[in-house]
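# Per-entry structural report
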Amino acid sequence: MKNLDIAQINKDLKDKSPAEIIAWALSITKNALVTTNFRPYEVAILHATTQVNPNLKVIWCDTGYNTPQTYKHANLLIDTLKLNVHLYVPQQTAAHRDATIGMPQIEDPLHKVFTEQVKLEPFNRAMAEHKPEVWFTNLRSGQTAFRNSIDIVSVSKDGVLKVSPFYHWSDEQLDEYLKENQLPNEFKYFDPTKVLENRECGLHS
């Protein structure tokens, strides 16, 4: 997206509702998608975006290491929200990876290879295939130092307009949103590439 005044857009959107932010983003392009890994609170962005556009592409990059609870949660949301899911998985099976490099700790040089295989390559493949102009995420301020440095609207390293409608929302506000819309949450989520919860995953930095 070219010739957009990002600073002014963020000022204009600061007090808008997530639905209004999403509607604005969808008004400037038809080429949009939302990415998800079905981690805690992801249901909010999936619900909010598909309420505005029920056919919005949902890119699910499944590492292959999700908990049984996360897979059940994902299936429930795909069914109840009628998500238009496009699934992307690593090119190597988990069994192959377990036999060769295992699940390296963060200090291990092989951790970079592991992260590339299970997260970055599937994500980059999805973005290359769909070439979105707008990318909806559930990034929020207060999660990591990097996420504190962006805003509702930012531009990714690949030039995609990244829109985070719940950027200024707290967990408590999201809890209320889920309660109002009778949406389930799921907390038994496992990210095999992270040791500390506040590490940046590589997709957004």
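Data block above holds the structure.
Everything in this summary refers to the structure shown in the same document. (Residues numbered from 1 in each chain as written. Predicted model: local features only at pLDDT ≥ 70, side-chain atom pairs only at ≥ 80, totals over all residues. Heavy atoms only, no water.)

## A word on helix α8 (residues 171–180)
Residues of α8 that are buried: Leu174, Tyr177 and Leu178. The arc that holds the buried residues of α8, viewed along the axis, is 95°, so those residues lie on one side. Across from the buried face of α8, at angles greater than 90 degrees, the exposed residues are Glu172, Lys179 and Glu180. Buried-residue contacts for α8 involve α3 (42–52). (Buried < 20%, exposed > 50% of the residue type's maximum accessible area, 1.4 Å probe, protein only. Helix = DSSP H or I, 4+ residues; strand = E, 2+ residues; numbered from the N terminus. Arc of directions from axis to C-beta. Contact = heavy atoms within 4.5 Å.)

## Regarding the environment of lysine 82
In this fold, lysine 82 is placed in the loop between α4 (68–80) and β3 (84–88). If near-sequence neighbours (up to four positions away) are discounted, lysine 82 is found in contact with Pro54 and Leu77.

## A look at the packing of aromatic side chains
Taken as a whole and assessed by the stated rule, the structure comprises eight aromatic pairs. On the numbers, 5.2 Å between centres and 45° between planes, the contact of phenylalanine 123 with tryptophan 135 is tilted. Of the two residues, phenylalanine 123 is situated in helix α6 (residues 110–130) and tryptophan 135 in strand β4 (residues 134–136); the sequence distance between them amounts to twelve residues. Each of the two residues, phenylalanine 123 as well as tryptophan 135, counts as buried. When the centroid spacing of 4.9 Å and the interplanar angle of 90° are considered together, the rings of phenylalanine 166 and tryptophan 169 count as edge-to-face. (Phe/Tyr/Trp six-rings, centres within 6.5 Å; stacked < 30°, edge-to-face > 60°.)

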